[in-house]
Amino acid sequence: MRLPFRLRPLLSWFDPAMVVVDIGANHGYLAKTLTTMTSSPVYATEYSNPSFAHLLHELEGERVLAYQADGLQNLPTEVNTAIITGMGGRLILSMLAIDPFPSHLETLWLGPQSHVDELRLYLSNHGWKIIKETIVADAGQFYPFLFVVKGDEPLSNVQAYLGPRLMEKKESSSLAWMKQESMRLATSSQTVSLPEEEQHRLEWLQAYVKH
Ligand SMILES: C[S@@+](CC[C@H](N)C(=O)[O-])C[C@H]1O[C@@H](n2cnc3c(N)ncnc32)[C@H](O)[C@@H]1O
């Protein structure tokens, strides 16, 4: 079992009251690891036929319950925590927009690999509150993860971009991401005029990193 380094910090978010599903589990490593931390069922999904066949193969002999579904469809009613990582923020957002939303789902662990600000704004506009965030630095890439529960917290555009909990915590990996982004945008701004949104981002990053 080889749980990818970037997913390891998520294990500290686990609480035995959680009944989890890993949506788009691929190799199933996270679900397999979670079975060692709970006696509750642990579910894992894949959508396409080949991906589901691969997941079933990976889960042979494991206690993980696999099913084939698109996003949050067909969610077992005992599941209260959905893990959706390793996908673009817009794909995650489209999964969360399922109607009706499964009311038994209370907690989300999200690992968007793009459009994180859009996802944070969607969450804050749809009755979700980000209570924990981290950024994992792995092999030169930065991977944000959000721990989300039902609640209200309107977010400004700056918070949506920098992450409300990351802004409070100032962990070294999130500061490293902010410095890298700030440098990237500053370098581009020397050769081309940045679009307005990117110019705002650069100002937010520079103000925060200096602070
Ligand atoms: C890059 S992998 C990430 C795997 C794992 N979650 C991780 O973080 O390492 C993305 C996975 O999402 C799956 N996927 C994409 N769209 C999906 C959907 N609509 N429903 C379920 N899974 C989906 C893909 O088949 C793929 O296995």
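Everything that follows concerns the structure shown earlier in this document.
Residues numbered from 1 in each chain as written. Predicted model: local features only at pLDDT ≥ 70, side-chain atom pairs only at ≥ 80, totals over all residues.

### Considerations on unusual backbone geometry
Excluding glycine, most residues fall at negative phi; most peptide bonds, likewise, are trans. So the rule is basically this: Under the DSSP-based scheme used, a helix requires at least four consecutive residues in state H or I and a strand at least two consecutive residues in state E, with every element numbered from the N terminus.
Along the chain, Asp-99 connects to Pro-100 via a cis peptide bond; the corresponding omega equals 0°. Of note, Pro-100 is situated in the loop between helix H3 (89-96) and strand E5 (107-112). The phi angle at Asn-26 is positive, at roughly 60°, despite the residue not being glycine. Tracing the chain through its elements places Asn-26 in the loop between strand E1 (20-23) and helix H1 (29-35).

### Examining the site of the ligand
Here is the rule: The criterion for a residue being near a molecule or strand is a backbone-placed C-beta atom within 6 Å of that molecule or strand. Three classes are used: nonpolar for Ala, Val, Leu, Ile, Met, Phe, Trp, Tyr, Cys and Pro, charged for Asp, Glu, Lys and Arg, and polar for all others, with Gly counted as polar.
The environment of the ligand is formed by 16 residues, the closest being Gly-24, Asn-26, Tyr-47, Thr-85 and Gly-86. Those elements that place two or more of their residues in the shell around the ligand are strand E2 (43-46) and strand E4 (81-87). No other element matches the three residues that E4 contributes to the shell around the ligand. The class makeup of the residues in the shell around the ligand is five nonpolar, nine polar and two charged.

### So, helix H7 (residues 172-191)
Where we set the bar: To estimate the expected span of a helix, count its residues, drop one, and scale the result by 1.5 Å. Counting other C-beta atoms within 10 Å of a residue's own tells you its class, since 20 or more makes it buried, 12 or fewer makes it exposed, and anything in between is partly exposed; those C-beta atoms are placed from the backbone. This arc is taken over the directions from the axis of the helix to the C-beta atoms. C-beta atoms are placed from the backbone for every residue, and two residues are taken to be in contact when these atoms lie within 7 Å.
Spanning 20 residues, H7 covers 29 Å between terminal C-alpha atoms, matching the ideal 28 Å at 1.5 Å per step. Those residues of H7 that sit buried are Ser-174, Trp-177, Met-178 and Ser-182. The buried residues of H7 occupy an angular sector of 130° when the element is viewed end-on, so they sit on one face. When the buried face of H7 is taken as reference, the exposed residues oriented beyond 90 degrees from it are Ser-172, Thr-187, Gln-190 and Thr-191. Packed against the buried residues of H7 are strand E6 (128-138), strand E7 (141-150), helix H6 (164-169) and helix H8 (196-210).

### Regarding the sheet that holds E5
The following threshold applies: Strands are labelled as partners when DSSP assigns at least two bridges between them. Axes, fitted as lines to C-alpha atoms, cover a helix only where it is in contact. Angles between the N-to-C directions of the axes lie from 0 to 180 degrees.
Pairing in this open sheet of seven strands is mixed, and the strands run E3-E2-E1-E4-E5-E7-E6 from one edge to the other. At either margin of the open sheet sits one strand with a lone partner, and together these are strand E3 (65-68) and E6. Taking the axes of each pair of neighbouring strands and ignoring which way they run, one obtains an average angle of 20° across the sheet. Packed onto the sheet, helix H2 (residues 49-58) meets E2 and E3 and runs at close to 150° relative to E2. Along the sheet face, H3 touches E1, E4 and E5 and points at about 155° away from the line of E4.

### A closer look at the pairing of E4
We count it as follows: Handedness rule for crossovers: strands pointing away from the viewer, path from the first strand over the helix to the second running clockwise, crossover right-handed.
Along E4, five of the seven residues are buried, which leaves the element largely enclosed by surrounding structure. Two strands pair when backbone bridges link them, and E1 and E4 are joined in this way by four bridges, in the parallel orientation. By the bridge assignment for E4, Asp-22 is matched with Ile-83. Once the chain exits E4 it traverses H3 before rejoining the sheet at E5, and the crossover so formed is right-handed.

### Digging into the environment of Lys-170
Take Lys-170: it is sitting in the loop between H6 and H7. The exposure class of Lys-170 is exposed, given the 11 C-beta atoms found within 10 Å. Sequence spacing of Lys-170 and Pro-100 is 70 residues, and the spatial spacing of their C-alpha atoms is 37 Å.

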